[in-house]
Amino acid sequence: MDIDTRLLRSFAAVHEERQLTAAAARLLVSQPALTKQVRQLETLLGVQLFERTRTGVTPTPAADELARRVPALLAGWDGAVRAVRQAATEAEGVLRVGFEGATVNLMSLATMADFERRMPGWQARMRQNNWFDVTSGLASGEIDLALWHAPADLSPEFAGERLATSPRLAVLPVSHPLAGRTTIDATELFDDPFVAIPAEAGFWRDYWLGCPERGGRPARIGAVVHNADEWLAAVACGQGIGFAPSAMSRLASRPDVVYREVTGLSPSHVGLYWLRDRPLTAAMAAFIESCRSTFEL
């Protein structure tokens, strides 16, 4: 029996959410499409997986058994995909590095030249991080390293080399009542609407909303955006405010937006990160050292 892993991922989302509507929103598909996928999986397996209720769906014993086995099945497949992609890029002499918006400008021609000196015949290819993936493509094997401004308590599933510590700044439209201040206490901003990245970004969304410092106070969301350019445009248009790495003030300035120092907000740790269960290759180690030598912080 051949089963598309997409069907298993859809099943897992429905089993966790106990609701087709919520699972469809999480997977970014329509509810009819998700219902079709669940029924397709039921047909392939020859069992009923869910019973509909007034409030959502209830898993059958067969669904609970499948749910216990799906994580290992998907992890095995994802691991195989990462290994295949890694083998292909290593054969080509390519290192794939993800970055956050304008923070790629922390790197320079000197970074690439230093890397090529350390790894003759190799090339570093840059790709902007995917905000719909909490791992930015590390889990799928689309990238080998991710350049992040990360919290100090980053999940233990990631390993990393921290290169610097950088404060987070408040980013406000020039019309904001506090735009004229040079320093703002974070608590003065927590009632404002914020421009947020997608919910699929997981803990990254919470981190850039300042949730750890809010003491349980919920964040008001003024707009949800999908990349760094949209984020800055939403702030400029008055749809909300936000927190950003200090490097952004140098690399993404515009006349209708101001960057202000914030007290009461933990700094971010600039570094290159990878999945802890993946060995650090010679190319990854060389790129880390090249960044350490040439970063323009």
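Description of the structure in this document. (Residues numbered from 1 in each chain as written. Predicted model: local features only at pLDDT ≥ 70, side-chain atom pairs only at ≥ 80, totals over all residues. Heavy atoms only, no water.)

Thoughts on the nonpolar core
The biggest cluster of nonpolar side chains holds 47 residues, and the ones touching the most others in it are Trp148, Trp204, Trp231 and Phe243. By residue number, the principal contributor to this core is helix H7 (residues 228–236), which donates six residues. Once you skip the residues sitting within four places of it in the chain, Phe243 turns out to touch Leu169, Ala170, Leu189, Phe190, Phe194, Trp208, Leu209, Gly210, Trp231, Val262 and Leu265. Met112, Phe115, Trp122 and Ala159 belong to the second largest nonpolar core, which has 26 residues in total. (Core = buried A, V, L, I, M, F, W, Y, C linked by side-chain atoms within 4.5 Å. Buried < 20%, exposed > 50% of the residue type's maximum accessible area, 1.4 Å probe, protein only. Helix = DSSP H or I, 4+ residues; strand = E, 2+ residues; numbered from the N terminus. Contact = heavy atoms within 4.5 Å.)

Notes on the sheet that holds strand S4 (residues 123–128)
Strand order in the open sheet made by the five strands is S4-S3-S5-S13-S6, with mixed pairing throughout. The sheet is open, and its two borders are formed by S4 and strand S6 (158–166), each paired with just one other strand. Averaged over all pairs of adjacent strands, the angle between strand axes in this sheet comes to 25°, irrespective of strand direction. With five bridges joining them, strand S5 (residues 145–150) and strand S13 (residues 268–275) adopt antiparallel strand pairing. Within the sheet, the bridge partner assigned to Ala150 lies in S13 and is His269. (Pairing = 2+ DSSP bridges. Axes fitted to C-alpha atoms, helices over the stretch in contact; angles between N-to-C directions.)

Section: unusual backbone geometry
The phi torsion at Arg18 lies on the positive side, around 60°, for a residue other than glycine. With respect to the helices and strands, the residue Arg18 is situated in the loop between helix H1 (5–17) and helix H2 (20–27).

Structural notes on the side chain of Glu42
Considering the arrangement of structural elements, one finds Glu42 in helix H3 (residues 31–45). This buried residue, Glu42, is left without a salt bridge; Arg39 holds the nearest opposite charge, at 5.6 Å. Setting aside anything within four residues of it in sequence, one finds Glu42 in contact with Val47, Gln48, Leu49 and Phe50. (Lys, Arg positive; Asp, Glu negative; His and termini not counted. Salt bridge = Lys/Arg side-chain N within 4 Å of Asp/Glu carboxyl O.)

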